Every structure is written in C-alpha cells, then in structure tokens.
Amino acid sequence: SGNTALYLNGSSLASNAKTYGRSLRNIGVLGQLKSSGPADLSSRQYAFYSIGQGLTSTNVSNFNTCVTTFQTTLGRNV
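Residues numbered from 1 in each chain as written. Predicted model: local features only at pLDDT ≥ 70, side-chain atom pairs only at ≥ 80, totals over all residues. Heavy atoms only, no water.

Trainee: Looking at this structure, I do not really get the overall build of the protein chain. What am I missing?
Mentor: Regarding its fold elements, the protein chain presents one helix and four strands. Order of helices (α) and strands (β) in the protein chain, N terminus to C terminus: β-β-β-β-α. Here the protein chain holds 78 residues, and 8% of them are scored as buried. Across the protein chain, the fraction of contacts at a sequence separation of at least 24, relative to all contacts at a separation of at least 6, is 20%. (Helix = DSSP H or I, 4+ residues; strand = E, 2+ residues; numbered from the N terminus. Buried < 20%, exposed > 50% of the residue type's maximum accessible area, 1.4 Å probe, protein only. Contact = heavy atoms within 4.5 Å.)

This is how it looks when you write it as structure tokens:
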C-alpha cells in the first residue's frame, strides 16, 4: 500500500491512499506515453520538476524552498 501526493510549488494539490503492486513503468513529462510512443506532447516550458518517493510534507516544503533559492540564484526567479 502507499500514498500518492501531488504538490505544486510546495503546496499540496491532491493525495490518494491506494493499495498497488510495484511495477517498473515509464513516466511521461510534457506528454503521454502510449504503447506506440510519446503522444500529445506539450510546448510548455518547465523550470524544474521532480518525481520522488518517501518525502513528508515538511520535506516537500524544504525541497521547494531549496529549489526556489537555487533558481533565483541562477536568475530564473520562478
């Protein structure tokens, strides 16, 4: 079993507790992964994204602060 959480800029958008088996799956960013390959690709630009496991809400908040500080240091001011 496990919990899935979605965050945007350190704020929780959604969460879901499910029972599921682990599997090796491809993850699509900026589009969908279909059996025929990438599809519905987006032209949007992202300064940063992260996919991870095992972070608490406090960890997510701290990680967001670090990423924002880093991006600002690079002059990206996201």
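There is more to say after this.
Trainee: Quick question: what am I supposed to make of the confidence of the model for the protein chain here?
Mentor: Per-residue confidence for the protein chain gives a mean pLDDT of 80, with 83% of residues at or over 70. Mean pLDDT values over the elements of the protein chain span from 76, in strand β3 (residues 32-34), up to 92, in helix α1 (residues 57-73). (pLDDT = per-residue confidence, 0-100.)

Trainee: Sorry, what's going on with the environment of Leu-55 here?
Mentor: In this fold, Leu-55 is placed in the loop between β4 (37-39) and α1. On the basis of relative accessibility, which here comes to 49%, the residue Leu-55 falls in the partly exposed class. With 50 residues separating them in the primary sequence, Leu-55 and Ala-5 have C-alpha atoms 9.6 Å apart.

Trainee: Whenever I open this one, α1 confuses me. Can you help?
Mentor: Count 3.6 residues to each turn of an α-helix, and residues three or four apart come out pointing the same way. Helix length check: α1, at 17 residues, gives a terminal C-alpha distance of 24 Å against a target of 24 Å (1.5 Å per residue), a fit within 8%. Those residues of α1 not exposed but buried are Val-60, Val-67 and Gln-71. The buried residues of α1 all sit within an arc of 35 degrees when viewed along its axis, so they share a single face. Exposed and oriented more than 90 degrees from the buried face of α1 are Cys-66 and Thr-73. A positive backbone phi angle near 80 degrees is found at Gly-75, which sits one or two residues after α1. (Expected span 1.5 Å × (residues − 1). Arc of directions from axis to C-beta.)

Trainee: Teacher, can you tell me more about a nonpolar patch on the surface here?
Mentor: On the surface, a cluster of nonpolar side chains totalling about 480 Å² of accessible area is made up of Val-29, Leu-30, Tyr-46, Tyr-49 and Ile-51. Looking at the secondary structure, you find Ile-51 in the loop between β4 and α1. (Patch = residues over 30% accessible without salt bridge, like charges linked within 9 Å, V, L, I, M, F, W, Y side chains within 5 Å. Areas by Shrake-Rupley, 256 points an atom, 1.4 Å probe, with all protein chains shown as cover. Salt bridge = Lys/Arg side-chain N within 4 Å of Asp/Glu carboxyl O.)

Trainee: Explain the environment of Phe-63 here, please?
Mentor: Relative to the assigned elements, Phe-63 resides in helix α1. Along the primary structure Phe-63 and Ser-50 are separated by 13 residues, whereas in three dimensions their C-alpha atoms are 9.9 Å apart. The residues contacting Phe-63, other than those within four sequence positions of it, are Phe-48 and Ser-50.

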